[in-house]
Amino acid sequence: MSGETILEVRDLRVSFSLRGRRLTALRGASLDLRRGETLAVVGESGSGKSVLAKTFLGMLDRNGRVDSGSIFFDGKDLAGYSKERDWLAIRGKRIAMIFQDPMTALNPLKTVGEQIREAAALHRGLDRAASRAVVLETLDRVGIPDPELRYRQYPHEFSGGMRQRAVIAAAVACRPEILICDEPTTALDVTVQAQILDLIKSLQRELGMTVLFITHDLGVVASVAQRVAVMYSGQVIEEGTVREVFYDPRAPYTWALLASLPQLGVKGEELYSIRGTPPSLFKEVVGDAFAPRNPRALEVDFRFEPPVFPVSDTHWARTWLLDPRAPRIEAPETVRRLRARLARGTDGPETAGGGGAATGGGDSVQGGAE
Amino acid sequence: MIRTIPEVPAELFRPAAFDAEAAERTGYARYSYWRSTFRTFLKSPVSIFLLALIVVLTTASFVYPLFAHVDLGAVNLDTETWNLSPNRDHVFGTDGLGRDIWALTWYGTRTSLLLGFVIAILDVGIGMIAGALWGYVRKLDRIMTELYNVLNNIPQTVFLVLLAYIMRPGFWTIVTALCSTGWIGIARFVRNKVITIRDAEYNVASRCLGTPLRRMITRNVLPYLVSILIMEAALTIPYSIGSEVFLGFIGLGLPIDTISLGNLVNQGKNNFMLYPYQLTWPTVIMAAITVSFYIVGNRFSDASDPRNHV
Amino acid sequence: MSREVLLSVRDLRVDFPVGRKTFTAVRDVSFDVYRGETFSLVGESGSGKTTIGRAIMRIHPASAGEIRYRDRRVSGRIDAASERLLRQKIQMIFQDPMACLNERAKIDYIVSEGLYNFKLFRDEEERKEKVERALRDVGLLPEFATRFPHEFSGGQRQRIGIARALVMEPELLIADEPISALDVSIRAQVINLMNRLKREKNLTYFFIAHDLSVVRFISDRIAVIHRGRIVELAGAEDLFARPLHPYTRALLSAVPVPDPDAEAGKRPAGYDPARAHDYSRESPAWREALPGHFVLGTEGEAEEWARGA
């Protein structure tokens, strides 16, 4: 799990010009992606999580630009790439991306097999027969039954879940080092989502792929990720292993996010509710962007932007609460309950099939309250 | 990772006051649909210029006949004043009957604009109501679609020629001729729009509240169509003026004693080889009006699209 | 203690014409909603859950079966008094806060719409007062009444939608996925608000959702719907503790919970109706497998599932 850093993002600032105004999407985001891991980037809409991923592929919209910061991948700074030719050596070949809507990635006029074959042939320099064999093998691997038949079908003949499998096959067939998944299951039903998540997990394990998983769903994070980066208003505000972030969160925004989840709440009690809305991306942010919505904010939060404070070797957060001068501020009730589980160790007892696992998880949260 | 702690005063490390109502107030932005529409529209100097041109031409053509004491029906037997080239007394020259073309052009413009406005109001008015019902009342769909097919498949020219023969040539004949086919095009356009918004959640919400059909149309549907209806009207005006000229051209227009741009252009055409200015001025004015309405209509429809608002 | 049945749905079927054929979106659906409870209907997209909500609101006509509200028939042809009762006492909250408000009307009109429809005010003053109270009830400021919907954020718009329902003083609120389109940080606001309103105004909720784990937090009873038929109905905790129908189990195991330890090693149980059931000899029927716990299945299945629980 503690592989070398394959992608290192430092203080990345990205802005877009929108009808004469500047919209700041990333305000100095930093992130480490390690070889062979699945890192989940969580955030609400407008937090900048999708923009962050797009910068790794040079896929920002035309009105957007990287203002400063760096993205180191294999010794090169991708933030400095401007020519389309430079990106062609990266995009799809070494870093591939799958999206929420699989239809945007598939050409409706070509058979699914041919599309994947062309991509594989291009990126891996294979001839027709070899690339065809790779595609059939990949289709089988992503759980598409009867690959020979499916190879000759068009995207509209696939169901939503199967389309997403096909898109994953297209990405995986090129053997990228990093697979970026941008909300790949948001448009799918829960039962189909579970299958796709399972597929991504097994691919990551078997092929040793590095996965960057972008989502707003903390359930999905808990399911797929080994590490988590929490984003708010254009910054990564907390990064750590999935257990550290879920069971020992430090940033007030992460607290609020977890405490507001009905899945972790106690029935009949109020949920922790976050007031207001995220700050406008058009406005300059002074201090901690979450401060105006945070009842636990310190005065310093309104004046100075918090730096990164390490919590452990694998865990850091951007909050003044970690400064030695800060007073002891109690986390919300739900978060305090979650903390009790940190000690329990990784080898949880939940292995039962069916509904047992979900039920077991839910029960113990609620049990902890009593 | 960076582990620097900037020089931050220690006294700031104390809890700040929290104002929940302030958090609520941050959520919204001031925005008004119509204000933004006009602001976007008026941003372009071309739009402002053409709109001003339309206003000036329209006002002038309606005001001029009130002040000009020119009797255009008077018989003038003084051949000296016939077919004069533009000069100090007659800036646009005179026609074959010695009438001042400057005056004729204003009278003609007035007739043509009036025709355009009447047709636009009738077309859009009928089209809007028929289209809203067509889109909203599912039972009407079959009948209206058939009617549309019938009306749409008769060549317009044949229809106009027929009507012009059946009815006596005149202002209202042209209005009837153009409106009887024009409204259904707009109705269909409105119907398609209505169908796209009919099942929108806010309409379902209104139905759940038991809102009657009349108010559904006036409050939920038409406000969404106002901008495109204004555009349709703005486009119908030049089309009607052009049609009148065309009808005049093929000899089915207004009676020869009615002064309209169509009749002027038609006369000018006959004398074009000898007295080109007789065709030039009415044509220039007509072109200015039609192009202005066309561009203003399109600019307005762009401006009314919320996606173009800042 | 016998509870009052507020809404009763019996053998409901809803058909939609698709070209020349008809598509049956919902069939043989029966359930009761008791006064004061939160009854949730959970299913995936295309399961017919939204159709049921809209059939109750008479947006989609019921092709067969009957819907009764306070023991008065409100499906099929009904008189003006029943229609009035339905439009006043049953209100709906919608999924998409961006689409459910009329963008060209001020908040004042949007919230007053139902009041205008049934003349539920004596004079202008009383109407304004009612609008103001409804806005305050959902935590918004009365000054918002003069503004247009696009000035507000998603969470605020959703609350305006709730105010529009509240102003009618309803008894039953049908909430069709009211939080699924909202950002995570806004969801808790709306859930808390709905729970508070339920207590303060003695409301009954009919909650339509796809996410079982969220529904558990708010529901008293949960019905699970699959392909237009309800397959299981039980008390919320009972359903989580003892899911009987294989589809319910599949659904429960598929929802990822925000708890890494619980997720570790979890395997989703699939559901394939063709393999899970043998209905060649006996058609499934609605049965009480355990007290207050209903399933759709054959007699043998119901017994077997109940024994396994």
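Residues numbered from 1 in each chain as written. Chains lettered and ligands numbered in written order. Predicted model: local features only at pLDDT ≥ 70, side-chain atom pairs only at ≥ 80, totals over all residues. Heavy atoms only, no water.

1. Quick word on helix α10 (residues 261-270) of chain B
All names here are of chain B.
Right, so step 1: By the criterion of burial, α10 is predominantly enclosed, with seven of the 10 residues buried.
Right, so step 2: Within the sequence span of α10, burial applies to Leu-261, Gly-262, Asn-263, Leu-264, Val-265, Asn-266 and Gly-268.
Right, so step 3: Those residues of α10 that are buried lie in contact with α4 (101-136), α9 (213-249) and α11 (277-303). (Buried < 20%, exposed > 50% of the residue type's maximum accessible area, 1.4 Å probe, protein only. Helix = DSSP H or I, 4+ residues; strand = E, 2+ residues; numbered from the N terminus. Contact = heavy atoms within 4.5 Å.)

2. Considerations on the domain arrangement of chain A
All names here are of chain A.
Right, so step 1: We note that the domain assignment places domain 1 (5-230) and domain 2 (251-305 + 323-369) within chain A.
Right, so step 2: Computed from C-alpha atoms alone, the centre-to-centre distance between domain 1 and domain 2 is 29 Å.
Right, so step 3: Taken together, the contact pairs 10 residues of domain 1 with 12 residues of domain 2.
Right, so step 4: Summing the contributions of domain 1 and of domain 2, the shared interface buries around 1,100 Å²; its carbon and sulfur component is 64%.
Right, so step 5: At the boundary of domain 1 with domain 2, the tally comes to one salt bridge.
Right, so step 6: With its nearest N and O atoms 3.9 Å apart, the salt bridge here joins Arg-27 to Glu-305.
Right, so step 7: Between domain 1 and domain 2 we count two residue pairs in polar contact (both at pLDDT 80 or more) in total.
Right, so step 8: Per element, the largest residue contribution to the side of domain 1 that touches domain 2 is five residues, and it comes from strand β2 (residues 21-34).
Right, so step 9: Split by residue class, the side of domain 1 that touches domain 2 holds four nonpolar, two polar and four charged. (Domains from an automatic or database assignment. Buried area = accessible area lost by both parts, 1.4 Å probe. Salt bridge = Lys/Arg side-chain N within 4 Å of Asp/Glu carboxyl O. Polar contact = N/O pair within 3.5 Å; in protein donor to acceptor, adjacent residues only side chain to side chain. Nonpolar A, V, L, I, M, F, W, Y, C, P; charged D, E, K, R; others polar.)

3. What to know about the packing of helix α3 (residues 112-124) of chain A against helix α6 (residues 160-173) of chain A
Residue and element names in this part refer to chain A.
Right, so step 1: Running from N to C, α3 and α6 point in directions that differ by 20°, and their axes come no closer than 8 Å. Judged on the interaxial angle alone, α6 and α3 are roughly parallel. As for the relative orientation of α3 and α6, their crossing is right-handed in sense. Residue-level contacts link Val-112, Ile-116, Ala-120 and Arg-124 of α3 to Ala-166, Ala-169, Ala-170 and Ala-173 of α6.
Right, so step 2: In terms of residue class, the contact of α3 with α6 is made up of seven nonpolar, no polar and one charged. (Axes fitted to C-alpha atoms, helices over the stretch in contact; angles between N-to-C directions. Parallel < 35°, antiparallel > 145°, perpendicular 65-115°, else oblique. Left-handed = near helix turned anticlockwise from the far one by under 90°.)

4. Brief notes about the sheet that holds strand β6 (residues 90-93) of chain C
Residue and element names in this part refer to chain C.
Right, so step 1: Pairing within the open sheet is mixed, and its eight strands lie in the order β6-β7-β8-β3-β9-β10-β12-β11. One side of each edge strand has no neighbouring strand; the edge strands of this open sheet are β6 and β11 (285-290). Going from strand to strand, the sheet's axes swing by 20° on average, the running direction of each strand aside.
Right, so step 2: As paired elements, strand β10 (residues 229-235) and strand β12 (residues 293-297) share two bridges and run antiparallel to each other. Paired with Leu-233 across the bridge in β12 is Phe-294.
Right, so step 3: Sheet strands touched by helix α9 (residues 246-254): β3 (38-42), β9 (221-226) and β10. Its angle to β9, the strand with the most contacts, is close to 100°. (Pairing = 2+ DSSP bridges.)

5. Quick notes on the interface of chain B and chain C
Right, so step 1: Residue-level contacts link 26 residues of chain B with 37 residues of chain C.
Right, so step 2: Of the roughly 2,900 Å² buried between chain B and chain C, counting both surfaces, carbon and sulfur atoms make up 50%.
Right, so step 3: Where chain B touches chain C, the interface holds zero salt bridges.
Right, so step 4: If you list the elements that add at least two residues to the side of chain B that touches chain C, you get α1 (20-25), α8 (201-208) and α9 of chain B.

6. What to know about unusual backbone geometry
Residues and elements named next belong to chain A.
Right, so step 1: Its identity is not glycine, yet Asp-74 carries a phi of approximately 55°, on the positive side.
Right, so step 2: Looking at where Asp-74 falls in the secondary structure, it is placed in the loop between β4 (64-73) and β5 (76-77).
Right, so step 3: Asp-74 gets classed as partly exposed once you look at its relative accessible area, which sits at 47%.

7. Side note on the sheet that holds strand β6 (residues 95-98) of chain A
All names here are of chain A.
Right, so step 1: Ordered by their spatial adjacency, eight strands build an open sheet running β6-β7-β8-β3-β9-β10-β12-β11, and the pairing between neighbours is mixed. The sheet is open, and its two borders are formed by β6 and β11 (309-312), each paired with just one other strand. Taking each pair of neighbouring strands and ignoring which way they run, the sheet shows an average axis angle of 20°.
Right, so step 2: Inspection of the sheet shows strand β10 (residues 235-241) paired to strand β12 (residues 315-317) by two bridges, in the antiparallel sense. What sits directly across from Glu-239, in β12, is Trp-316.

8. Notes on the interface of chain C and chain A
How big an interface is tends to be stated in terms of accessible area lost as the parts join.
Right, so step 1: Contacts between the two partners involve 45 residues from chain C, matched on the other side by 54 residues from chain A.
Right, so step 2: Buried area between chain C and chain A, both sides added, is near 4,200 Å², and the carbon and sulfur share of it is 56%.
Right, so step 3: Ranking the residues of chain C by area buried against chain A places Phe-217, Pro-258 and Asp-261 of chain C at the top, with a combined share of 18%.
Right, so step 4: At the boundary of chain C with chain A, the tally comes to 16 residue pairs in polar contact (both at pLDDT 80 or more).
Right, so step 5: Of all elements in the fold, only α6 (184-201), α7 (212-218), α8 (236-241), α9 and α10 (260-263) of chain C reach the threshold of two or more residues within the side of chain C that touches chain A.

9. Focus: the pairing of strand β2 (residues 21-34) of chain C
Residue and element names in this part refer to chain C.
Right, so step 1: The pairing of strand β1 (residues 5-18) with β2 spans 10 bridges and is classified as antiparallel. Paired with Leu-7 across the bridge in β2 is Val-33.
Right, so step 2: Counting the residues between successive antiparallel strands, the hairpin from β1 to β2 contains two residues, one of them, Gly-19, with a positive phi of roughly 60°.

10. A closer look at the nonpolar core
All names here are of chain C.
Right, so step 1: The biggest cluster of nonpolar side chains holds 100 residues, and the ones touching the most others in it are Phe-31, Ile-52 and Phe-206.
Right, so step 2: For this core, the element with the highest residue contribution is α6, accounting for seven residues.
Right, so step 3: In this structure Phe-206 touches Phe-31, Val-33, Phe-39, Leu-41, Ile-52, Gly-53, Ile-56, Leu-172, Leu-173, Ile-174 and Ala-175, once residues within four positions along its chain are discounted. (Core = buried A, V, L, I, M, F, W, Y, C linked by side-chain atoms within 4.5 Å.)

11. Regarding a nonpolar patch on the surface
All names here are of chain B.
Right, so step 1: Together, Trp-34, Phe-38, Leu-42, Ile-48, Leu-51, Val-55 and Ile-230 give the surface a local cluster of nonpolar side chains, amounting to about 580 Å² of exposed area.
Right, so step 2: Of all elements in the fold, only α2 (33-42) and α3 (45-67) reach the threshold of two or more residues within the nonpolar patch.
Right, so step 3: Take Phe-38: it is sitting in helix α2.
Right, so step 4: For Phe-38, a relative accessible area of 41% gives the class partly exposed. (Patch = residues over 30% accessible without salt bridge, like charges linked within 9 Å, V, L, I, M, F, W, Y side chains within 5 Å. Areas by Shrake-Rupley, 256 points an atom, 1.4 Å probe, with all protein chains shown as cover.)

12. Considerations on the layout of surface pockets
Right, so step 1: Each pocket or cavity is described by its volume, and for the second largest pocket that value is around 780 Å³.
Right, so step 2: Every residue lining the second largest pocket is counted, 29 residues in all, and those nearest its centre are Thr-191, Val-192 and Gln-195 of chain A together with Glu-44 and Tyr-271 of chain C. (1 Å grid on protein atoms, 1.4 Å probe; cavity = no way out; pocket = protein on both sides within 12 Å on 5 of 7 lines; lining within 4 Å. Points joined across faces, edges and corners; volume = space filled by probe spheres on them.)

13. A short note on the state of the cysteines
Right, so step 1: A full pass over the atoms with the stated rule returns zero disulfides over all chains.
Right, so step 2: There is no disulfide at Cys-181 of chain A, and the cysteine sulfur nearest it, in Cys-174 of chain A, is 14 Å away. (Disulfide = S-S within 2.5 Å.)

14. Describing the pairing of β1 of chain C
Right, so step 1: Here five bridges tie β1 of chain C to strand β4 (residues 64-69) of chain C, and the two strands are oriented antiparallel to one another. Paired with Leu-7 of chain C across the two strands is Tyr-69 of chain C, which belongs to β4 of chain C.

15. A closer look at the packing of aromatic side chains
Right, so step 1: Applying the stated criterion across every chain, the model contains 24 aromatic pairs over all chains.
Right, so step 2: Members of the aromatic cluster, connected to one another through ring pairs, are Tyr-64, Trp-102, Trp-106 and Tyr-107 of chain B.
Right, so step 3: Above the face of the Phe-282 of chain A ring, Arg-21 of chain A is positioned so that its terminal group lies 4.1 Å from the ring centre.
Right, so step 4: Its guanidinium or amino end placed over the ring of Tyr-34 of chain C, Arg-3 of chain C lies 4.1 Å from that ring's centre, counting from NZ or CZ. (Phe/Tyr/Trp six-rings, centres within 6.5 Å; stacked < 30°, edge-to-face > 60°. Lys NZ or Arg CZ within 6 Å of the ring centre and 35° of its normal.)

16. Brief notes about the confidence of the model for chain A
Residues and elements named next belong to chain A.
Right, so step 1: On average, residues of chain A carry a pLDDT of 87, and 92% of them reach 70 or more.
Right, so step 2: Ranking the elements of chain A by mean pLDDT puts helix α12 (residues 356-369) last with 36 and strand β9 (residues 227-232) first with 97.
Right, so step 3: The model gives residues 347-370 a pLDDT under 50, and that stretch makes 37 contacts with residues more than four places away or in other chains. (pLDDT = per-residue confidence, 0-100.)

17. Let's talk about α6 of chain C
Residue and element names in this part refer to chain C.
Right, so step 1: In this model, α6 (18 residues) spans 26 Å end to end at C-alpha, consistent with the 26 Å of a helix rising 1.5 Å per residue.
Right, so step 2: Across the 18 residues that make up α6, a large majority, 14, are buried.
Right, so step 3: Just past α6, the residue Asn-202 takes up positive phi, approximately 50°. (Expected span 1.5 Å × (residues − 1).)

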